[in-house]
Amino acid sequence: MNAPIKHTADATTVEEGLAIAEAQDKKFNSEMATETAMANTLLTPRFYTTDFEEMDAIDVSSVREDWDNLIDQMVRDPNKGHFKKNEDWDQVDWEGMEPELKKEFIDFLISSCTAEFSGCVLYKEMKRRGNNKDITQLFQLMARDEARHAGFINDALREAGLRVNLGFLTQKKKYTYFRPKFIYYATYLSEKIGYARYITIFRHLEANPEYRFHPIFKWFEEWCNDEFSHGEAFALLMKTDPKLTSGINVYWIKFFLTAVYATMYIRDHQRPAFHKALGVDPDWYAHEVFTKTSKLTEQIYPITLDIEHPRWQRNLERLQKANVDMVGATGINKLIAQVRAGWAFVLLYTIPTKKHATPKSVRLEPVY
Ligand SMILES: [Fe+2]
Ligand SMILES: [Fe+2]
């Protein structure tokens, strides 16, 4: 008999990965981390559910060749066993960490773990409910990856005496319903922006290793390659139905681009100590990530946001300041801050987009 698998990094299916996570949930629990992960605000990661039957009906034959290549690569599983601590994992001095940095970094880890796990539960549910072999296979593979990612972040949190209870979240966190097309737009973007975020930090720390204050950043390269593949899968899914990226839907694409970029900007500006420790200016970082993401999304979206437009940066800043003022405000002050935020979003959304023709073949390779 084989020895039982002990680590989420070695799990070959999402079910295996989650069984390991659940066993760990039972051994160790941390209310603070799980409670933080339970929050459902505009800025915290949510869990999603959708019309799984509609998604199961997707026919990928029009993108068959690209599809099979992508699935083959995911089945080969180059990152199996990667997402666990090894000799490259340096000792972390949690006690000696500056309190503000520690608070923001823990918040970053919990929020990232929740986001990874959000992908895991959605993908796993699609796999469980579907009958279409192409779809269920893809979602099984993506759920496998996300379970590993979430498990690895929990390893890092464990050293700080924290753990996001994944079993509890699955059962108790609120699920938001999104129609399949909104799932494609939102998830595709979050995978691609996830890639852009991780690779930008990885390359920055490669050039400036003195800023690497925690070992988890060493794992970001392989990590972002997983997210890149997931994004490729969603690009192919969208390619099967040209309606998804034309006509009225272009306004939805613009909406999701604006909302995802703005959310990232606001969230990152809530963590000044974290970015200072990394030696990263959050405005530079945002611009860098938006530029990369925009370039990537040209593979499938007929528009990109004009982030060089004079209204862009100014209204991002306004939106972010209004958000800061909203926290803790009550009555008329809160209302004013909400109106300011809403208006800034309108001014961002109405910036004319850049239009371009999309390529015949969707597939890209990670080049950053
Ligand atoms: Fe992930
Ligand atoms: Fe992913």
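Nothing here was measured: the structure is a model prediction, and the numbers come from that model.

K.L.:
Help me get a handle on the overall build of the protein chain, residues and values and all.
P.N.:
From N to C terminus, the protein chain includes 14 helices and 4 strands. Against the 2.2 N^0.38 benchmark of 21 Å for 368 residues, the protein chain shows a C-alpha radius of gyration of 20 Å, consistent with a compact globule. Considering only C-alpha atoms, the protein chain reaches an extent of 65 × 55 × 45 Å along its principal axes. Per-residue burial over the protein chain gives 39% buried out of 368 residues.

K.L.:
Got a sec to walk through helix α10 (residues 249-269)? Specific residues and values, please.
P.N.:
Owing to its 3.6 residues per turn, the α-helix aligns residues three or four sequence positions apart on the same side. Its 21 residues place the ends of α10 30 Å apart at the C-alpha level, agreeing with the 30 Å of an ideal helix rising 1.5 Å per residue. For α10, the set of buried residues is I253, L257, T258, Y261, A262, M264, Y265, I266 and D268. In this fold, the buried residues of α10 make contact with α8 (180-207), α11 (272-278), α12 (282-297), β3 (303-304), α13 (310-326) and α14 (331-349).

K.L.:
I'd love a proper account of the nonpolar core, names of residues and values included.
P.N.:
In this structure, C113, C120 and A147 are the most contacted members of the largest nonpolar core, which totals 86 residues. If one sorts the elements of this core by residue count, α8 sits on top with 12 residues. Residues from two domains meet in this core; each of domain 1 (20-305) and domain 2 (306-355) gives at least three. Apart from residues no more than four positions distant in its own chain, C113 is found in contact with A37, A150, I153, N154, L157 and V164.

K.L.:
Please set out α13 residue by residue, giving values where relevant.
P.N.:
The end-to-end C-alpha distance of α13, which contains 17 residues, comes to 25 Å, matching closely the 24 Å that a straight helix rising 1.5 Å per residue would cover. Residues of α13 that are buried sit in contact with α10 and α14. Of the residues one or two after α13, G328 is the one with positive phi, at around 80°.

K.L.:
Explain the domain arrangement of the protein chain to me, and be specific about the residues and the numbers.
P.N.:
Domain assignment breaks the protein chain into domain 1 (20-305) and domain 2 (306-355). If you average the C-alpha positions of domain 1 and of domain 2, the two centres end up 25 Å apart. Contact with domain 1, which involves 15 residues of that partner, is made by 13 residues of domain 2. Of all the secondary structure elements, the ones that give two or more residues to the side of domain 1 that touches domain 2 are α10, α12 and β3.

K.L.:
Lay out the packing of helix α4 (residues 64-76) against helix α9 (residues 220-239) in plain terms, naming residues and giving numbers.
P.N.:
Taken N-terminus to C-terminus, the directions of α4 and α9 make an angle of 155°; their axes are 11 Å apart at the nearest point. In terms of orientation, α4 lies roughly antiparallel with respect to α9. Between α4 and α9 lies a crossing of left-handed hand. Here α4 contributes D66, W67, L70, Q73 and M74 to the contact with α9, which in turn contributes S229, E232, A233 and L236. In terms of residue class, the contact of α4 with α9 is built from 5 nonpolar, 2 polar and 2 charged.

K.L.:
Can you break down unusual backbone geometry residue by residue, with the values?
P.N.:
One non-glycine residue, D77, lies in the positive phi region at around 55°. Within the secondary structure layout, D77 lies in the loop between α4 and α5 (99-129). A tally of 13 C-beta atoms within 10 Å means that D77 is categorised as partly exposed.

What counts, and at which threshold
- Residues numbered from 1 in each chain as written.
- Chains lettered and ligands numbered in written order.
- Predicted model: local features only at pLDDT ≥ 70, side-chain atom pairs only at ≥ 80, totals over all residues.
- Helix = DSSP H or I, 4+ residues; strand = E, 2+ residues; numbered from the N terminus.
- Rg over C-alpha atoms; globule rule 2.2 N^0.38 Å.
- Buried ≥ 20, exposed ≤ 12 C-beta atoms within 10 Å, placed from the backbone.
- Expected span 1.5 Å × (residues − 1).
- Contact = placed C-beta atoms within 7 Å.
- Core = buried A, V, L, I, M, F, W, Y, C linked by C-beta atoms within 7 Å.
- Domains from an automatic or database assignment.
- Axes fitted to C-alpha atoms, helices over the stretch in contact; angles between N-to-C directions.
- Parallel < 35°, antiparallel > 145°, perpendicular 65-115°, else oblique.
- Left-handed = near helix turned anticlockwise from the far one by under 90°.
- Nonpolar A, V, L, I, M, F, W, Y, C, P; charged D, E, K, R; others polar.

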